[in-house]
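# Examination of the molecular architecture
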Amino acid sequence: MFDPVPEYPYRDSERADGAPAAHELLTPVLGLLGSWHGRGRGGYPTIDGEFAYAQEVTFQHDGRPFLRYDARAWLLGEDDTPLRPAARESGWWRLRPDGIVEALITQPTGIAEIAVGRVGDGTIDLATDSVALTPTAKKVEGTRRCYTLTDADTLAFEHDLAAVGQPLQHHLSARLRRRTA
Ligand code: HEM
C-alpha cells in the first residue's frame, strides 16, 4: 500500500503580479506571460505554395527564473476552416543574469532545439545553438526566432529555418493577440 501523496503544492502562473511572485531575472520577459492566439502565414522552398495557420502560445512561470513555453498550430483553409493539426512545441526558457535567454524547445516531429539569444526593447531574438534529431526526424540544422511585443497585447513572431539542405530563410510569420480571460 502507498501512503497518500499530497497534490503538487506549487502553481504555474501566467501573470506577472500575484502569487507566485515572478523571479527578478524574468523582468525583461514579463510582457510575454500569458496566453496568445492569432494567425500566421508560412512557406519554404521545398513546400508547394504558401499556407495559412492559426496558433496558440502560452508562457508561464512558477516563481523560478525560467518560463514554461507551449505552442500549437493548425492549418487553415478557406474561411478559417481547420484543415489539420500542425506543429506543436514545448520547452523552457531560462533567463540568465546577463539578460541572455537559453531556450530548450522540443517537437513531436523528433526535433530538440537549444536556442540562445538576447532580450532587448520588447524583442527576443533566439538563434539555434544546437539541434538534436531522432533517427527519423527531418534534417533541421537551425532556426532563428524573433518575438516582438509591438504593444502590451500584440506579439509578432518571425521564424527562419535552415533544414533539408536549404539555407536559413523564412518559414513562418504570425501576429498574436493576448487572450483575455
Ligand atoms: C506554427 C508552426 C508551424 C507551422 C504551421 C508549420 C507548417 C509546416 C508545413 C505546412 C509544412 C509542409 C509539410 C506539411 O504539410 O506538414 C512544414 C514543413 C516543415 N517544417 Fe514547419 N511549421 C511550423 C513550425 C516549424 C518549426 C518550429 C520547425 C523547426 C524547428 C519546422 C520545420 C519544418 C521542416 C523541417 C519541414 C519539412 C520541409 C521539407 O521536408 O520539405 N516547422 N511546416
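Just so it is clear, the model here is predicted, and its values are computed rather than measured.

Moving on to the overall build of the protein. A count of helices and strands for the protein gives zero helices and 10 strands. Listing every helix and strand of the protein by position from the N terminus yields β-β-β-β-β-β-β-β-β-β. At 17 Å, the protein has a C-alpha radius of gyration in line with the 16 Å of a compact globule built from 181 residues. Taken over the C-alpha atoms alone, the protein extends approximately 50 × 45 × 40 Å along its principal axes. For the protein, the residues scored as buried account for 23% of the 181 residues in total. Here the contacts in the protein between residues at least 6 apart in sequence split such that 39% fall between residues at least 24 apart.

This part is about the nonpolar core. Across soluble globular proteins, nonpolar side chains show a tendency to be buried alongside one another. Counting residues in each nonpolar core, the largest one holds 24 residues, and the members touching the most others are Val29 and Val101. Elements supplying a minimum of two residues to this core: strand E2 (51–60), strand E3 (66–76), strand E4 (82–95), strand E5 (100–107), strand E6 (111–120), strand E7 (123–133), strand E9 (154–163) and strand E10 (169–178). Excluding residues within four positions of it along the chain, valine 29 makes contact with Leu67, Leu95, Val119 and Ile124.

With that out of the way, let us pick up the confidence of the model for the protein. Of the residues in the protein, 99% reach a pLDDT of 70 or more, and the chain-wide mean stands at 97. Prediction confidence for the complex, expressed as pTM and ipTM, is 0.96 and 0.96 respectively.

In space, the 10 strands of this closed barrel follow the order E1-E2-E3-E4-E5-E6-E7-E8-E9-E10, with antiparallel pairing throughout. Going across the sheet, the axis of each strand differs from the next one's by a mean of 25 degrees, ignoring polarity. Pairing analysis gives 10 bridges linking strand E8 (residues 140–151) to E9, with the strands arranged antiparallel. Looking at the pairing, cysteine 146 lines up with glutamate 158 of E9.

For the rest of this paragraph, the subject is the pairing of E2. In this structure, strand E1 (residues 34–42) lies alongside E2, joined through nine bridges in antiparallel fashion. Each bridged residue has a counterpart across the sheet, and for glycine 40 the counterpart in E2 is tyrosine 53. Alignment of E2 against E3, held across nine bridges, turns out to be antiparallel. Counted as the bridge partner of glutamate 56 is arginine 72 from E3. Between the end of E2 and the start of E3, which pair antiparallel, lie five residues, with glycine 63 showing a positive phi angle near 100 degrees.

So, about the pairing of E7. For E6 and E7, the ladder comprises 10 bridges, and the chain directions are antiparallel. Within E7, the position partnered with valine 119 by the bridge is isoleucine 124. Taking the residues that link successive antiparallel strands as the turn, the E6-E7 hairpin has two residues, and the phi of aspartate 121 there is positive, at about 55 degrees. Direction of pairing for E7 relative to E8: antiparallel, over a ladder of five bridges. Each residue of the ladder has a partner; that of isoleucine 124, found in E8, is tyrosine 147. Connecting the antiparallel pair E7 and E8 is a turn made up of six residues.

Here we come to the site of the ligand. Around the ligand, a shell composed of 21 residues is seen, among which Thr46, Ala73, Ala86, Ala87 and Ala163 lie nearest. Going through the elements one at a time, E2, E3, E4, E6, E8, E9 and E10 are the ones with two or more residues in the shell around the ligand. With three residues, the top contributor of residues to the shell around the ligand is E2. Residues belonging to the shell around the ligand are distributed by class as follows: 14 nonpolar, five polar and two charged.

Now for the UniProt feature "binding site: heme b" (unreviewed entry) in the protein. In the numbering used here, UniProt assigns the "binding site: heme b" (unreviewed entry) feature to Thr46, Lys138 and His171. With respect to the helices and strands, the residue threonine 46 is situated in the loop between E1 and E2. Given 10 C-beta atoms within a 10 Å radius, threonine 46 is considered exposed. Setting aside its immediate chain neighbours within four residues, threonine 46 contacts Val164 and Gln166. Residue position: lysine 138 is located in the loop between E7 and E8.

Rules behind the numbers
Here the residue index of a chain counts from 1 through its sequence in written order. Whole-chain, interface and lining totals are the exception, using all residues; otherwise, since this is a predicted model, local features are given only for residues with pLDDT of at least 70 and side-chain atom pairs are given and counted only at 80 or more. Put simply, DSSP H or I for four residues or longer makes a helix, DSSP E for two residues or longer makes a strand, and each gets a number counted from the N terminus. Each radius of gyration is computed over the set of C-alpha atoms, and the globule rule expresses the reference value as 2.2 Å times the number of residues to the power 0.38. In this scheme the burial state of a residue depends on its C-beta neighbours within 10 Å: 20 or more other such atoms mean buried, 12 or fewer mean exposed, and anything in between means partly exposed; the C-beta positions come from the backbone. Each residue gets a C-beta atom placed from its backbone, and two residues are in contact if those atoms lie within 7 Å. Here, a nonpolar core denotes buried Ala, Val, Leu, Ile, Met, Phe, Trp, Tyr and Cys residues that are linked to one another through C-beta atoms within 7 Å. pLDDT is a residue-level measure of predictor confidence that goes from 0 to 100. Whether two strands pair comes down to DSSP finding at least two bridges between them. Interaxial angle, 0 to 180 degrees, is taken between N-to-C directions of lines fitted to C-alpha atoms, where a helix line uses only the stretch in contact. We call a residue near a molecule or strand when the C-beta position, derived from backbone atoms, sits within 6 Å of it. Polar here means any residue other than Ala, Val, Leu, Ile, Met, Phe, Trp, Tyr, Cys and Pro, which are nonpolar, and Asp, Glu, Lys and Arg, which are charged; Gly is therefore polar. UniProt positions are given in the numbering used here, feature names are shortened, and annotations may be inferred rather than shown by experiment.

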